[in-house]
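For reference, the chains in residue letters:
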Amino acid sequence: MLELDTEIVDNELVILGGTGKYTQEIGKLEENGLTNGPYLYAQILREGKSRIVEDTSENDYDPDSLNGKPEEMAEICCPIRKDEQILGIIALVAFTPEQKVRLLGKKAEYMTFIQRMAFLLASLASEKNAREKAAITAIELETILSELEKGIILVDDRGQIKYANNAAIALIKDNNQTDIIGKNVSDLWPFSPIMRVLDSNKDYVEYVEITGLKSQLTLSARPFHWSGRTIGAVVYLEGYIIN
């Protein structure tokens, strides 16, 4: 599992969405809303440059860094740009020492990932119907997601599978099932509560054995939000194929 929180803010530093703790912060202001302030996000809005923060105790990180007590331990963030306009920022954030090691240990890979996500969100912002665009453009993440070591599946708010990376496909396919795109997750896991994740906005983890397939998996899911709405979920798979 990615095991990092994602945050999305607009160009007025309003939190629009994300995962983990940020699902409870939607509508609040980062950096006290000071878009001309000295802190990280305000700098990114002005300069339009991605940043990797390895030491959040630096005074220009956020207001909490002034007293040396920021919750965050490390962060990778990227502007969301449409043409020449900065629409907002997307960030991957580590809150524990373990998350910090993971984030900084693969910082180049995660920077590429977050830049792809920024491109996706810029596409969403240019459409009248963000939910439909999210489903259609999920495939834009294919290049980077295929490089991640865990199995990843993207589903829309109806549970329809829009994307699966190579690791996920290797874990769940057999000779009779080579394409899962377009299927509903209930077709693969009839009793799995993935749909309840979309309804409840709560993460979950479970152990499953796919009926008829030679795989045993630990499956976890996390809802994904945009502008206060759940538009889908990311499903993570870990396991092995039984010989």
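Residues numbered from 1 in each chain as written. Predicted model: local features only at pLDDT ≥ 70, side-chain atom pairs only at ≥ 80, totals over all residues. Heavy atoms only, no water.

## Examining the sheet that holds strand β1 (residues 5-10)
Item 1. Strand order in the open sheet made by the five strands is β2-β1-β5-β4-β3, with antiparallel pairing throughout. The outermost strands of the open sheet, each flanked by one partner alone, are β2 (15-18) and β3 (51-53). Ignoring which end each strand starts from, the neighbouring axes of this sheet average 20° apart.
Item 2. Where β3 lies against strand β4 (residues 74-82), three bridges are found, and the strand directions are antiparallel. (Pairing = 2+ DSSP bridges. Helix = DSSP H or I, 4+ residues; strand = E, 2+ residues; numbered from the N terminus. Axes fitted to C-alpha atoms, helices over the stretch in contact; angles between N-to-C directions.)

## A closer look at the pattern of salt bridges
Item 1. This model, assessed by the stated rule, comprises four salt bridges.
Item 2. For Glu 71, the salt bridge goes to Lys 21, with nearest N and O atoms at 3.1 Å. Remark: Lys 21 occurs in the loop between β2 and α1 (40-47) and Glu 71 occurs in the loop between β3 and β4; sequence separation between them is 50 residues.
Item 3. The exposure class of Lys 21 is partly exposed, given its relative accessible area of 27%. (Salt bridge = Lys/Arg side-chain N within 4 Å of Asp/Glu carboxyl O. Buried < 20%, exposed > 50% of the residue type's maximum accessible area, 1.4 Å probe, protein only.)

## Focus on the nonpolar core
Item 1. Within the largest apolar cluster, 21 residues are counted, with the highest numbers of intra-cluster contacts made by Ile 80, Ile 90, Leu 103 and Ile 114.
Item 2. Elements with a minimum of two residues in this core: β4, β5 (85-94), α2 (97-105) and α3 (107-125).
Item 3. Setting aside anything within four residues of it in sequence, one finds Ile 80 in contact with Ile 8, Gln 85, Ile 86, Leu 87, Gly 88, Ile 89, Ile 90, Ala 118, Leu 121 and Ala 122.
Item 4. Grouped together as the second largest cluster of nonpolar side chains are 20 residues, Ile 153, Ile 161, Ile 180 and Leu 188 included. (Core = buried A, V, L, I, M, F, W, Y, C linked by side-chain atoms within 4.5 Å. Contact = heavy atoms within 4.5 Å.)

## Remarks on the pairing of β5
Item 1. With eight of its 10 residues buried, β5 lies for the most part within the structure.
Item 2. Both β1 and β5 contribute to a ladder of six bridges, which runs antiparallel. Residue Ile 8 lies in a different strand from β5, and its bridge partner there is Ile 90.
Item 3. Examined bridge by bridge, β4 and β5 share nine bridges and lie antiparallel to one another. Bridge pairing in β5 links Arg 81 to Ile 86.
Item 4. Hairpin connection of β4 to β5: two residues between the antiparallel strands, including Asp 83 at a positive phi of 60°.

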